[in-house]
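One letter stands for each residue in the lines below.
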Amino acid sequence: MPLDPQLRGQLRQTIQVQHQTGYPTGQGVVTYGAATNVAARLEPHIQSVLTQDGETRDSSHRIVIDSTFTPLLSDIITLPAGAGASMQPRAILSIQQAIDELGATDHWEILI
């Protein structure tokens, strides 16, 4: 089922997402593919998050995106200019899948 039109209308910003394409080399370098522009709603959101590595880190933003793009924990995200943060790519701390009444993915909520 497509995203609710009211929520889709709130996706007024564009983030850039890069999927990891290579695993760390001996020097710990990870490679990423080309950036994909994704419509999003971006809001400041500070929350302590337990990462998959067992570390506790504080998020700075919550991002909502449509279900047409599937984020991965290994992705990196670059925020738009003027988002109150640096333009450096940021690691994803947490991803939550929002399910609609029919059991399909409605949207994704990402903490960075």
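What counts and how
Residues numbered from 1 in each chain as written. Predicted model: local features only at pLDDT ≥ 70, side-chain atom pairs only at ≥ 80, totals over all residues. Heavy atoms only, no water. Core = buried A, V, L, I, M, F, W, Y, C linked by side-chain atoms within 4.5 Å. Buried < 20%, exposed > 50% of the residue type's maximum accessible area, 1.4 Å probe, protein only. Contact = heavy atoms within 4.5 Å. Pairing = 2+ DSSP bridges. Helix = DSSP H or I, 4+ residues; strand = E, 2+ residues; numbered from the N terminus. Polar contact = N/O pair within 3.5 Å; in protein donor to acceptor, adjacent residues only side chain to side chain. Lys, Arg positive; Asp, Glu negative; His and termini not counted. Salt bridge = Lys/Arg side-chain N within 4 Å of Asp/Glu carboxyl O.

## Some remarks on the nonpolar core
Right, so step 1: Judged by nonpolar contacts, the single largest core of 14 residues is most densely connected at I15, I63, I65, I77, L79, I110 and I112.
Right, so step 2: Setting aside residues no more than four positions away along its own chain, I112 makes contact with S59, S60, H61, I63, I77, L79, R90, A91, I92 and L93.

## Regarding the pairing of strand β10 (residues 94–99)
Across a regular strand the side chains alternate sides, sitting on one face of the sheet and then on the other.
Right, so step 1: By the bridge criterion, six bridges tie β10 to strand β11 (residues 105–111) in an arrangement that is antiparallel. Bridging across to β11, I95 finds its partner in I110.
Right, so step 2: In sequence, β10 turns back onto β11 through a hairpin of five residues, with G103 there showing a positive phi of about 90 degrees.

## Concerning the sheet that holds strand β8 (residues 76–78)
Hydrogen bonds between backbone atoms are what pair the strands of a sheet, whose relative direction is either parallel or antiparallel.
Right, so step 1: Read from one edge of the open sheet, seven strands run β9-β8-β1-β4-β7-β11-β10, paired in antiparallel fashion. Sheet topology places β9 (90–91) and β10 at the edges, where each strand pairs with a single neighbour.
Right, so step 2: Two elements, strand β1 (residues 13–18) and β8, share three bridges in a ladder whose sense is antiparallel. Within the sheet, the bridge partner assigned to Q16 lies in β8 and is T78.

## Some thoughts on the environment of R8
Right, so step 1: Within the secondary structure layout, R8 lies in helix α1 (residues 5–8).
Right, so step 2: Since its relative accessible area comes to 37%, R8 is described here as partly exposed.
Right, so step 3: Only 2.5 Å separates the side chain of R8 from the side chain of D66, close enough to count as a polar contact.

## Things to note about the side chain of D106
Right, so step 1: Within the fold, D106 resides in strand β11.
Right, so step 2: R8 provides the closest opposite charge to the buried, salt-bridge-free D106, at an N-O distance of 7.8 Å.
Right, so step 3: A distance of 2.8 Å separates a polar atom in the side chain of D106 from a polar atom in the side chain of H107.

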